[in-house]
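Observations on the three-dimensional arrangement
Listed below are the residues making up each chain.
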Amino acid sequence: MSGPSPTPAHEPTRQRVLRAARQALRVLAVELGTPTEPGTPLFGSVQNPWLRRLPYLVAFGFAVSLLPTTITILSHDYGLNGGLAGALATAQTAPLLLAVTRPLQAWWVIFTADVLCALALTGADGVAGRPWPWPPMVIVGYLALMVALSLRERSRTLIAVWLTTGVAGILFEPRTPDRSDGTWVLLFVLTGVVLMMGATLRERGDAQRKLIEQETISEAERARRTLLEERTRIARELHDVVAHHMSVITVQADSAPYRLSGLPRDAEEEFGSIASTARESLAEMRRLLGVLRSEETERHGGPEKAPQPGIGMLPKLVEGTVRAGVPVELSLPEDRVPLEPAVDLSAYRIVQEALANVVRHAPGARTRVSVTTAAGGSRLTVLVVNSPPPAPSAPLETAGTGHGLIGMRERVRLVDGSLDTGPLPDGGFRVAAQLPLSPPPAPAASLSPKDSGSV
């Protein structure tokens, strides 16, 4: 006669419990069987070579010290067979070397060896009155393995390892209660503490590494944005310079038939074509510049209409810097040097930015500004040298952004010049720029036979 069948009210609950248990075991098996970054050594990304070798040295030290100790204790104190003791001790300690690169796989080997050791000790003669199921050397090696495991594996895997360790101890407890002194509880608690501390340190290190990477990316973006802003500003200034010359060309070409009498018809048409081309080029340049101009600039009155400064305005610039508390000496060429507009503007901006840096970072420092021409008259030298700031003075800014030096390099590169900046041995700073007095030669354009015939 069969027993009573379970009531329908209890059956769904039992199924839910079994389903939850199967799901938990499935997740546990997946986590314990899926290592994170297998083969990558601990501290492998550290630049210091000694820190990279540290996990290997620690693992080697534990393995070498625990192997003979485990063999001796298992064979002499617990009375286990010598060959079996040597095999179990090797399986419990040698995988610590594997834990440097594959800690989860090492855990499988060591945990299995620890369980087999506990089973083997149940029939040993010297177990009575001694720690069981986990002897002291087993606890030490297992905790060393937990450190490597916590620094590599994800949190769910660590929880699975911790629970598996506790379940193994619980299953051993009713087997031989007279020989167990609760070492499974000690190992369970210590394993949880080590895993939690190691995971916390790993997550903190990951957060700091990501923060450093983000700061590096942000700094690169700031430098790139500064460079683009400086190029935009230079483009606007060049527009003003080029627009002036294009306007002069247009006016001269348009007025040539009226200023010069007796021009042939072909010459008048040629001047008209030149004026039309200049107007189209000027309009196209203004349209392209509109992409670079900010909305803020357009909202405050559109393009700048003030004349561009040059080295002729350096005395006024130096006068303002002296009023700001920086003693400045200015030396200019005795004879006025004809400069290209871009070179003239670049020389002024370099001096302006160099003096601004002195005011910000070395207030009160004696500064010398020198603008000279080379002996051959081919290059213009702009030199700004400041001494260390007086002792009582403190910098207005302790950390610079480097934007000024970026702008200087862009301006010098634009006119095919060179720039040399850097600190001086006495604590001062030097900015030296070499600018060409004539524009770089344009590459010769080859004319096709068709073009030659149309000239």
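Details of the structure are given in the entry above.
Predicted, not measured: the structure shown is a model, and the values here were computed from it. (Residues numbered from 1 in each chain as written. Predicted model: local features only at pLDDT ≥ 70, side-chain atom pairs only at ≥ 80, totals over all residues. Heavy atoms only, no water.)

Remarks on a nonpolar patch on the surface
A surface patch of nonpolar side chains, amounting to about 450 Å² of accessible area, comprises F43, L51, L54, V58, F62 and V140. If you tally residues by element for the nonpolar patch, the top one is helix α2 (residues 49-77), at 4 residues. Checked against the element boundaries, F43 lands in the loop between α1 (10-33) and α2. Take F43: its relative accessible area is 36%, and that puts it in the partly exposed class. (Patch = residues over 30% accessible without salt bridge, like charges linked within 9 Å, V, L, I, M, F, W, Y side chains within 5 Å. Areas by Shrake-Rupley, 256 points an atom, 1.4 Å probe, with all protein chains shown as cover. Salt bridge = Lys/Arg side-chain N within 4 Å of Asp/Glu carboxyl O. Helix = DSSP H or I, 4+ residues; strand = E, 2+ residues; numbered from the N terminus. Buried < 20%, exposed > 50% of the residue type's maximum accessible area, 1.4 Å probe, protein only.)

Topic: a positive patch on the surface
Positive charge collects at one region of the surface, where R16, R19, R22 and R26 lie side by side. If you trace the backbone, R22 turns up in helix α1. Among the residues examined, R22 registers a relative accessible area of 48% and is labelled partly exposed. (Lys, Arg positive; Asp, Glu negative; His and termini not counted. Charge placed at Lys NZ, Arg CZ, Asp CG, Glu CD.)

Considering unusual backbone geometry
For the bond running from W132 to P133, omega is 10°, close enough to zero to count as cis. Checked against the element boundaries, P133 lands in the loop between α5 (103-121) and α6 (136-150).

Digging into the nonpolar core
Counting residues in each nonpolar core, the largest one holds 40 residues, and the members touching the most others are L74, W107, L121 and W134. Broken down by element, the residue count for this core peaks at 9 residues, all from α6. Not counting residues up to four positions away in its chain, the partners in contact with W107 are L32, T112, Y142, L145, M146, V161 and T164. Core analysis: the second largest hydrophobic core is formed by 28 residues, I311, V369, V384 and A433 among them. (Core = buried A, V, L, I, M, F, W, Y, C linked by side-chain atoms within 4.5 Å. Contact = heavy atoms within 4.5 Å.)

Here we look at the packing of α5 against α6
Interhelical geometry of α5 versus α6 gives an angle of 160° and a closest axis separation of 10 Å. The angle between the axes of α5 and α6 places the two elements in the roughly antiparallel class. Read as a crossing pair, α5 and α6 show a hand that is left-handed. Listed contacts from α6 to P103, L104, A106, W107, I110, F111 and D114 of α5 are V138, Y142, L145, M146, A148 and L149. Residue composition of the contact of α5 with α6, grouped by class: 12 nonpolar, no polar and 1 charged. (Axes fitted to C-alpha atoms, helices over the stretch in contact; angles between N-to-C directions. Parallel < 35°, antiparallel > 145°, perpendicular 65-115°, else oblique. Left-handed = near helix turned anticlockwise from the far one by under 90°. Nonpolar A, V, L, I, M, F, W, Y, C, P; charged D, E, K, R; others polar.)

Distances and angles like these do not, on their own, reveal function.
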